[in-house]
Every structure is written in structure tokens, then in C-alpha cells.
Amino acid sequence: MSAHQTIDTASEDFITIIAPSMAEVMESFRSQGLAERDYSIVHRAGKHSFTMAGGEALFGGTQMVAATFSRRG
């Protein structure tokens, strides 16, 4: 993809699950029935630090595992 191409995400729906561990992320994925609703993981999951645009650290500055799932409309 060239630097000038854009990706149309208007027809996609995203859900990001944040938890202390990948096991908890996947348990939430299962309990919400996301596979049955045609969601799939977008990118590899991993530990993240979360900060608001103004600089405020979320989750007390503790790193959390985040995984983003999407489905096409």
C-alpha cells in the first residue's frame, strides 16, 4: 500500500479488550460471543501503557494486555 492510499474503515466495527493477561482477554472474547459475531483479531496482542491525550496515565500506569478485534459490516 502506498503512502497515499487510505483504508476504508467505515464498514468495519472494532472492539478492543483490555485486561491484565491474555487469558483474561480471550475469556472476555469468548464470553461476549465475538467469534460467533464474526470478529477476528486485527493485529498481535501485547502489553500497552495507556495515556489520555492530556497526559493522564490510565490504570494507574500499570501495563495491560490489549487486543483489538474487528468485523466487516
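The structure this text deals with has already been given above.
In what follows, the accompanying structure is described. Predicted model, so just to flag it, every value in this text is computed and none were measured.

Cut-off values and rules
- Residues numbered from 1 in each chain as written.
- Predicted model: local features only at pLDDT ≥ 70, side-chain atom pairs only at ≥ 80, totals over all residues.
- Heavy atoms only, no water.
- Phe/Tyr/Trp six-rings, centres within 6.5 Å; stacked < 30°, edge-to-face > 60°.
- Helix = DSSP H or I, 4+ residues; strand = E, 2+ residues; numbered from the N terminus.
- Contact = heavy atoms within 4.5 Å.
- Polar contact = N/O pair within 3.5 Å; in protein donor to acceptor, adjacent residues only side chain to side chain.

Quick word on the packing of aromatic side chains
- Inspection of the entire model under this criterion finds two aromatic pairs.
- Judged by centre distance (5.5 Å) and plane angle (75 degrees), the rings of Phe 50 and Phe 59 are edge-to-face.

Brief notes about the environment of Thr 16
- Position of Thr 16 relative to the elements: it lies in strand β1 (residues 12-19).
- For the pair Thr 16 and Ala 67, spaced 51 residues apart in the sequence, the C-alpha separation amounts to 5.5 Å.
- Once residues lying within four places of it in the same chain are set aside, the contact partners of Thr 16 are Ala 66, Ala 67 and Thr 68.
- Side chain to side chain, Thr 16 and Thr 68 meet in a polar contact 2.8 Å long.

None of the figures reported here should be taken as evidence of function without further support.
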